Amino acid sequence: MTAEDTLGRLDDDDYPAYTMGRAAEMLGTTQGFLRAIGEARLITPLRSAGGHRRYSRYQLRIAARARELVDQGTPIEAACRIVILEDQLEEAQRINAEYRRAAGSANPAVAA
């Protein structure tokens, strides 16, 4: 791996750069919370060669949203489901916008 490859990973939201301890510290939560949202299948951390959990920045954002809901009194299972649905909605809206742009460029009358 070259230095350029390594530097490129710094901008990669999906690169599993954070250990469980560091992720919990960054989120201001416990490692148990991270395990619980993993068990609820909200996020699935990658594993290092030694079997340790590793989290990406994207996963930390998802976990932070779940923590926000739990802190507001939402049960963890419900918080995880809400976050999953929010993520699915965001993706569907992104795809819809792409289709609209593609349809608009193919047929200028559609964009109006």
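Conventions and cut-offs
- Within every chain, residues take consecutive numbers counted from 1 along the sequence as written.
- Confidence filtering applies because this is a predicted model: local features only for residues at pLDDT of at least 70, side-chain atom pairs given and counted only at 80 or more, and all residues used for totals across whole chains, interfaces and linings.
- Note: side-chain values were computed over all heavy atoms of the structure, leaving out hydrogens and water.
- Inter-axis angles, ranging from 0 to 180 degrees, are taken between N-to-C directions of lines fitted to C-alpha atoms, where helices are fitted over the stretch in contact.
- Each helix corresponds to a stretch of at least 4 residues labelled H or I by DSSP, and each strand to a stretch of at least 2 residues labelled E; elements are numbered beginning at the N terminus.
- Comment on the angle field: the value is read as roughly parallel under 35 degrees, roughly antiparallel over 145, roughly perpendicular from 65 to 115, and oblique elsewhere.
- Two helices that cross are described as forming a left-handed crossing if the nearer one is turned anticlockwise from the farther one by less than a right angle, and a right-handed crossing if clockwise.
- Contacts between residues were defined by any pair of non-hydrogen atoms, one from each residue, lying within 4.5 Å.
- Each residue receives one of three labels: charged for Asp, Glu, Lys and Arg, nonpolar for Ala, Val, Leu, Ile, Met, Phe, Trp, Tyr, Cys and Pro, and polar for the others, Gly being one of them.
- When accessible area is computed with a 1.4 Å probe and restricted to protein chains, residues below 20% of their type maximum are described as buried, those above 50% as exposed, and intermediate ones as partly exposed.
- Cavities and pockets are defined on a 1 Å grid built over the protein atoms alone: a cavity is a set of grid points where a 1.4 Å probe fits but cannot escape, while a pocket is an open set with protein on both sides within 12 Å along at least five of seven lines, and lining residues are those with an atom within 4 Å of any such point.
- Grid points are joined across faces, edges and corners, and a volume is the space filled by probe spheres set on the points.
- DSSP calls a pair of strands paired once it identifies at least 2 bridges connecting them.

1. As for the packing of helix α4 (residues 57-71) against helix α5 (residues 76-106)
So, point 1. Axis separation between α4 and α5 bottoms out at 9 Å; the angle between their running directions is 130 degrees. In this view, α4 runs oblique relative to α5, as classed from their interaxial angle. With respect to the hand of their crossing, α4 and α5 are arranged in right-handed fashion. Seen from α4, the contacting residues are Tyr 58, Ile 62, Arg 65, Ala 66, Leu 69 and Val 70; seen from α5, they are Ile 76, Ala 79, Ile 82, Val 83, Glu 86 and Asp 87.
So, point 2. When its residues are assigned to classes, the contact of α4 with α5 shows nine nonpolar, no polar and three charged.

2. Points about unusual backbone geometry
So, point 1. A positive phi angle, near 65 degrees, is found at Arg 41, a position not held by glycine.
So, point 2. On the accessibility criterion, Arg 41 (70% relative accessible area) is exposed.

3. Here's the deal with the environment of Glu 77
So, point 1. Along the chain, Glu 77 turns up in helix α5.
So, point 2. Sequence separation of Glu 77 and Glu 39 is 38 residues, and the distance between their C-alpha atoms is 9.5 Å.

4. Regarding the layout of surface pockets
So, point 1. In this structure, the largest pocket spans a volume of roughly 220 Å³.
So, point 2. Along its surface, the largest pocket is lined by Tyr 58, Arg 61, Ile 62, Arg 65, Val 83, Glu 86, Asp 87, Glu 90, Glu 91 and Arg 94.
So, point 3. Per-element accounting of the lining of the largest pocket gives the leading share, six residues, to α5.
So, point 4. Of the residues contributing to the lining of the largest pocket, the split by class is three nonpolar, no polar and seven charged.

5. A word on the sheet that holds strand β2 (residues 46-47)
So, point 1. One open sheet holds the three strands; their spatial order is β1-β3-β2, and the pairing between them is antiparallel. This sheet does not close on itself; its edge strands, each paired only once, are β1 (18-19) and β2.
So, point 2. Relative to strand β3 (residues 53-55), β1 is paired through two bridges, and the arrangement is antiparallel. In the strand pairing of β3, Thr 19 is matched with Arg 54.
So, point 3. Along the sheet face, α4 touches β1 and β3 and points at about 85 degrees away from the line of β3.

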